[in-house]
Amino acid sequence: MSQISTADPSVQDPTGISSAIGPYLTPAQQGGVTVLPSAVDPSLLPKLGGMALLDQLALLPGSDISRFVSQNPAKVSQLLANPPSARSTSALWAGLSKSSQRALMRSAPQLVGNLDGVPFDVRDAANRRYLHQSLSRLEASIAAGAGRATLVADRHHLDILKQVQRTLKRAAGDPPRQLITFDPRGEARAAVVVGNLETADYVSYLVPGMFFTVQGQMYDWTAIAQDLNTEQKSWIARLAKTDKSMVGKTTATVSWIGYTTPGALDIGSLDRANEGARLLGNALVGIQTVREGSEPFVTLVTHSYGSTAAMIELAKGGVSVDALAIVGSPGSATQSAAKLSVRNDNVFVGEAAWDPVVNTAFYGSDPGSPSFGAKKMSVAGGVDVITRKPLAAAVGHLGYFDAGTEAMRNLALIGIDESSLVTDGTLADASRTIASAR
């Protein structure tokens, strides 16, 4: 049963349930709490929203859930745009029977797959199911021969879906991949995990900047996530030779295009950054909720406009991360790294040669300036002070993520909590050894 507190007479129905069910169901009062029957009439569900809607959907049989979802797409979109908190969703999911969980996942996969607080393996299964359904539906629509405008739109969205499908494929021996966000509306949002988000000791979210789309960059961004994952594993194996605490440690990297990045027409605005900040915050609270009691070391690897969005969220103080890496940043609305919710002052900044975006402070303070207080991360290349292997320099706005660069080396070390081994281009680098870090 659902419980709605009505102890305050000035707030009789904060969720809108009573007004929706008034003529049909009579709530019972128990100690100032309204106790509703098991489920409302499905025809009344469009009048609900937020947690109230999700709570009632979970009580319906699969056929009624499917019918509601197909007949009320705007309501589902509204719920995804303003979802319940991860903690509320997690508590609801944990309280459902296995059969109710299966019914909700199979009948409303587009909803379950994008709700922070739901276990990641369930979200992956739901999103893959919805991806398959969406592909089949679009292919059938195109084959049936729609009008020109519809046909152009269908082909555009089919290409988006095929990029996600392509991204989920992996070669033999590669880490598993999880689709933990899949919202095909508009230009689409998606997030693909390289590794296992349920069990990884170290988790790095890669947050992109301007002009990144699911259609154009999902595959390449995930390839970069896998390169970073490989680099992290290599360092863990090296460190484990002398540090037994590193033996068996695992990593997951998240190719996160979880917000609509700005294009040429809205690059001068922070609207997309504010939206990205909110959605990124939801994702972070989601992993902290699902992994409560076994929290991983969480790092944000942020690029360009994505760094601006991430710093907006971290400045609010509602969610914290273990490390923040900033590369190619156009500026921060926050004036100091100390004002960001990052543990142990683990804020690093890298600026490549010939990057036209860095030092502009277009959106506020320059994270690379000494006054901002972030730790410098060298991206200039050279010879690795530990492995003695050559490292390439990062050049231009996208060069930070090239394999074999000093930038990728340092990003990997930041992500596995080895900040003492991160090079900064000073004479101190010569003394950075695995022994000294232990």
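Computed from a predicted model, the values in this text were never measured in an experiment.

Chemist: Looking at this structure, I do not really get the overall build of the chain. What am I missing?
Modeler: Each helix and strand counted, the chain has 14 helices and 13 strands in total. For 438 residues, the compact-globule formula gives about 22 Å, and the C-alpha radius of gyration of the chain, at 24 Å, lands near that figure. Counting over 438 residues, the chain shows a buried share of 52%. Restricting the contact set of the chain to residue pairs at least 6 apart, pairs at least 24 apart contribute 66%. Accessible area of the chain: about 18,700 Å², with a carbon and sulfur share of 53%.

Chemist: Could you clarify how one ought to interpret empty space enclosed by the protein in this entry?
Modeler: Unoccupied space between atoms shows up once a probe the size of one water molecule is rolled over them. Taken as a whole and judged by the stated rule, the model has three cavities of 30 Å³ or more. The calculated volume of the largest cavity comes to roughly 140 Å³. The element best represented in the lining of the largest cavity is helix α11 (residues 271-290), accounting for three residues. In terms of residue class, the lining of the largest cavity is made up of six nonpolar, four polar and three charged.

Chemist: How do you make sense of the confidence of the model for the chain when you look at a structure like this?
Modeler: A low pLDDT means the predicted coordinates there should not be read in detail. For the chain, the mean per-residue pLDDT works out to 90, and 91% of the residues sit at or above 70. Confidence drops under a pLDDT of 50 for residues 1-37, and excluding neighbours within four residues, the segment shows 51 contacts in the predicted structure.

Chemist: I'm lost on the environment of G382 in this one. Help?
Modeler: With respect to the helices and strands, G382 occurs in strand β12 (residues 382-383). For the pair formed by G382 and E406, sequence separation is 24 residues and the distance between their alpha carbons is 7.5 Å. Here G382 is in contact with K389, P390 and L391, once residues within four sequence places are set aside.

Chemist: For this particular structure, what's the right way to read the pattern of salt bridges?
Modeler: Two side chains of opposite charge can pair, provided their charged atoms sit close to one another. Per the counting criterion, the structure on display carries 15 salt bridges. With a closest N to O distance of 3.1 Å, R123 and D116 form a salt bridge. Residue D322 is joined to R343 by a salt bridge in which the shortest nitrogen-to-oxygen separation is 3.0 Å. One end of the pair, D322, is in the loop between α12 (305-316) and β9 (323-327); the other, R343, is in the loop between β9 and β10 (347-350), and 21 residues separate them in sequence. Taking the relative accessible area as the measure of exposure, D322 reaches 14% and is therefore buried.

Chemist: What should I look at first to understand the packing of aromatic side chains in this one?
Modeler: What describes a pair of aromatic rings is the distance from one ring centre to the other and the angle between the planes of the rings. Counted according to the given criterion, the structure contains seven aromatic pairs. Between Y305 and Y363 the ring centres are 5.5 Å apart and the planes differ by 80°, which places this aromatic pair in the edge-to-face class. Taken together, the residues Y305 in helix α12 and Y363 in the loop between β10 and β11 (375-376) connect sequence positions 58 residues apart. The two residues Y305 and Y363 agree in class, both being buried.

Chemist: What am I meant to see in helix α8 (residues 120-144) here?
Modeler: Helical periodicity: at 3.6 residues per turn, an α-helix aligns residues three or four positions apart in one direction. With 25 residues, α8 ought to run about 36 Å at 1.5 Å a step, and its terminal C-alpha atoms sit 36 Å apart, in line with that. Looking only at α8, the buried set comprises F120, V122, R123, D124, A126, N127, Y130, L131, S134, L135 and L138. Those residues of α8 that are buried are in contact with α5 (86-95), α6 (98-107), α7 (109-112), α9 (148-168), β4 (177-183) and α11. Just past α8, the residue G145 takes up positive phi, approximately 80°.

Chemist: Can you walk me through the nonpolar core in this structure?
Modeler: The tendency in soluble globular proteins is for nonpolar side chains to be buried side by side. The biggest cluster of nonpolar side chains holds 54 residues, and the ones touching the most others in it are L131, V214, M377, Y400, F401 and L411. Leaving out residues up to four positions away in the same chain, L411 has contacts with L228, Q232, V301, A325, M377, Y400 and F401. Counting residues in hydrophobic clusters, the runner-up holds 40 residues, among them V203, A252, A309 and A374.

Chemist: Before we go on, may I ask you to explain the layout of surface pockets in this structure?
Modeler: There is about 490 Å³ of room inside the largest pocket. Contributing to the lining of the largest pocket are 23 residues, with Q110, Y130, S134, R137 and P184 lying nearest its centre. Those elements that provide at least two residues to the lining of the largest pocket are α3 (62-71), α4 (73-81), α6, α7, α8, α9 and β4. No other element matches α8, which puts five residues into the lining of the largest pocket. Of the residues belonging to the lining of the largest pocket, the class tally is ten nonpolar, eight polar and five charged.

Calculation criteria
- Residues numbered from 1 in each chain as written.
- Predicted model: local features only at pLDDT ≥ 70, side-chain atom pairs only at ≥ 80, totals over all residues.
- Heavy atoms only, no water.
- Helix = DSSP H or I, 4+ residues; strand = E, 2+ residues; numbered from the N terminus.
- Rg over C-alpha atoms; globule rule 2.2 N^0.38 Å.
- Buried < 20%, exposed > 50% of the residue type's maximum accessible area, 1.4 Å probe, protein only.
- Contact = heavy atoms within 4.5 Å.
- Areas by Shrake-Rupley, 256 points an atom, 1.4 Å probe, with all protein chains shown as cover.
- 1 Å grid on protein atoms, 1.4 Å probe; cavity = no way out; pocket = protein on both sides within 12 Å on 5 of 7 lines; lining within 4 Å.
- Points joined across faces, edges and corners; volume = space filled by probe spheres on them.
- Nonpolar A, V, L, I, M, F, W, Y, C, P; charged D, E, K, R; others polar.
- pLDDT = per-residue confidence, 0-100.
- Salt bridge = Lys/Arg side-chain N within 4 Å of Asp/Glu carboxyl O.
- Phe/Tyr/Trp six-rings, centres within 6.5 Å; stacked < 30°, edge-to-face > 60°.
- Expected span 1.5 Å × (residues − 1).
- Core = buried A, V, L, I, M, F, W, Y, C linked by side-chain atoms within 4.5 Å.

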